[in-house]
4 protein chains.
Amino acid sequence: MVITLQLDGEVPLYEQLRNQIVIGIATGVLEPREKLPTVRQLAEDLGVNTMTVNKAYALLKQEGYIVIDRRHGAKVSAPPESDPRQELSPKLAQELELIIAQAAIQGIDPARFQSLCAPIFAKMTYRYT
Amino acid sequence: MVITLQLDGEVPLYEQLRNQIVIGIATGVLEPREKLPTVRQLAEDLGVNTMTVNKAYALLKQEGYIVIDRRHGAKVSAPPESDPRQELSPKLAQELELIIAQAAIQGIDPARFQSLCAPIFAKMTYRYT
Amino acid sequence: MVITLQLDGEVPLYEQLRNQIVIGIATGVLEPREKLPTVRQLAEDLGVNTMTVNKAYALLKQEGYIVIDRRHGAKVSAPPESDPRQELSPKLAQELELIIAQAAIQGIDPARFQSLCAPIFAKMTYRYT
Amino acid sequence: MVITLQLDGEVPLYEQLRNQIVIGIATGVLEPREKLPTVRQLAEDLGVNTMTVNKAYALLKQEGYIVIDRRHGAKVSAPPESDPRQELSPKLAQELELIIAQAAIQGIDPARFQSLCAPIFAKMTYRYT
DNA sequence: GTGGTCTAGACCACG
DNA sequence: GTGGTCTAGACCACG
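Residues numbered from 1 in each chain as written. Chains lettered and ligands numbered in written order. Predicted model: local features only at pLDDT ≥ 70, side-chain atom pairs only at ≥ 80, totals over all residues. Heavy atoms only, no water.

Residue and element names in this part refer to chain A. As paired elements, strand 1 (residues 66-69) and strand 2 (residues 73-76) share 4 bridges and run antiparallel to each other. For Ile-66, the partnering residue across the bridge sits in strand 2 and is Val-76. Taken together, strand 1 and the strand that follows it, strand 2, pair antiparallel across an intervening segment of 3 residues. (Pairing = 2+ DSSP bridges. Helix = DSSP H or I, 4+ residues; strand = E, 2+ residues; numbered from the N terminus.)

The next point concerns the interface of chain B and chain A. Across the boundary between the two partners, chain B contributes 44 residues, which contact 43 residues of chain A. For the pair chain B and chain A, the two sides together bury roughly 4600 Å², of which 70% comes from carbon and sulfur. Considering only the side of chain B, the residues that lose the most area to chain A are Gln-86, Ile-105 and Phe-121 of chain B, jointly responsible for 16% of the buried surface there. Between the two partners, chain B and chain A, sit 5 salt bridges. Lys-91 of chain B serves as the salt-bridge partner of Glu-10 of chain A, at 3.9 Å between the closest nitrogen and oxygen. Linking chain B with chain A are 13 residue pairs in polar contact (both at pLDDT 80 or more). Mapped onto the side of chain B that touches chain A, the elements with two or more residues apiece are helix 1 (13-27), helix 4 (90-105) and helix 5 (110-123) of chain B. Sort the elements by how many residues they give to the side of chain B that touches chain A and helix 4 of chain B lands first, with 13 residues. Split by residue class, the side of chain B that touches chain A holds 26 nonpolar, 6 polar and 12 charged. (Contact = heavy atoms within 4.5 Å. Buried area = accessible area lost by both parts, 1.4 Å probe. Salt bridge = Lys/Arg side-chain N within 4 Å of Asp/Glu carboxyl O. Polar contact = N/O pair within 3.5 Å; in protein donor to acceptor, adjacent residues only side chain to side chain. Nonpolar A, V, L, I, M, F, W, Y, C, P; charged D, E, K, R; others polar.)

Across the boundary between the two partners, chain A contributes 8 residues, which contact 6 residues of chain D. At the boundary of chain A with chain D, total buried surface from both sides reaches about 540 Å², with 41% on carbon and sulfur atoms. Three residues, Leu-7, Asp-8 and Glu-10 of chain A, lead the burial of chain A against chain D; their summed loss comes to 66% of the area buried on that side. Applying the counting criterion to the chain A and chain D interface returns 0 salt bridges. Applying the counting rule to chain A against chain D returns 2 residue pairs in polar contact (both at pLDDT 80 or more). Along the lines of polarity and charge, the residues of the side of chain A that touches chain D split into 4 nonpolar, 2 polar and 2 charged.

Here it is in structure tokens:
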């Protein structure tokens, strides 16, 4: 999996790293139960501080995206039990609202928005296929 | 318009303020050409420093959401010329991808996602109605 | 002469007004000894405060571009005695240096810069034709 | 690099600072990828507040002249891809027009103007050498 | 150690 | 009266 970090961006490195791994999982580039590189290895590959990778892994673990086993290192979580509610978390819902607000001001209507989402969803092979 | 800031949140105050005003514009709570409170007034109402409001206004101005007129203060921009492309900016597209990735992992499919977007869009009365 | 002011710009209104009149003189739209509108008239036409026009006129007078006669109002100065030195004022030289610096960083070389100046000079019919 | 600020001038301190750094880059005093002083250090050296330096850096970053890396602070950007158009931005073009207008009124013709630009260009060693 | 954010308070240019 | 700028000082996230 190719990870590229924007060193001069406004998003913290650990957060960029976390985001890219989440997208990797969603797109199937990283499969459930797949082993992730060690903190040390990934830090070296990316040329960042081990603390940065550590923070990303800790965040992913806390969110349930990965599990960390002292013996086997980090690996992608098995798919969770299907959530019958299928609601967005408050945080995600808030972010989505902000995106839609900006899209709406730009003149994008729901149908157009849907057609913008479709190709993104098409890349996500994680669960619902 | 009611604005509430989360003082202990991770999002900077000036950015929270910017976000809420953007949503206010999109939902029609703030109408095009409507005058915004003065920097001083809003700072006092919110209990924050004038520079915090100043930074939010400067950001909104730079993004084209408001215009700042030395004579009359800040007001909501007139609707821009309709952009025939109707694409999302790279930044927005990236944020949307991340949201969809997280939704997909949670088992939300495109149809469900659309039904989650619908009520949000319904609140946005800005342009496309 | 058509004057358009950018109300939400970063350049003060009186300075924009002064700049446009200077360009008007240089391009010959305003001829030497031509009478300018009264402060009151111009302020009304532009929809700005009379103080703003007053400030612009005072600045133009101080710089020698116009003369103000209590009986006849303001008019464009007669061409000054030719300055044999033909140097730029320190302020203008500094502004020019900054423009050239930015152009150079962008990869514009002297020849290209000259070709960019040519059509601008072509519009200036004031003295040297 | 020597930076001198005019404390009583009309140009804001942060803008003077930005201008001098741009000129420093263009003249080669600051080389691509060269590290800039920290915000704190430069503020102390110049006797101004850190927020003033911060604002100058933020502006330079936004304009693409420098990159700010959370790991190593600010440094001069690498030269951008050569722009085949080589046009001036509207803002720069407008400023140049105003300078040329004032020069023309003073009796400076295109040839003389070119000879005034030449020594300024000679100092700019940034890209085109 | 770095830049980013924020406060309380002030002065100023602009209009 | 408005936004713009600036200070002195502080705390924090990031790495």
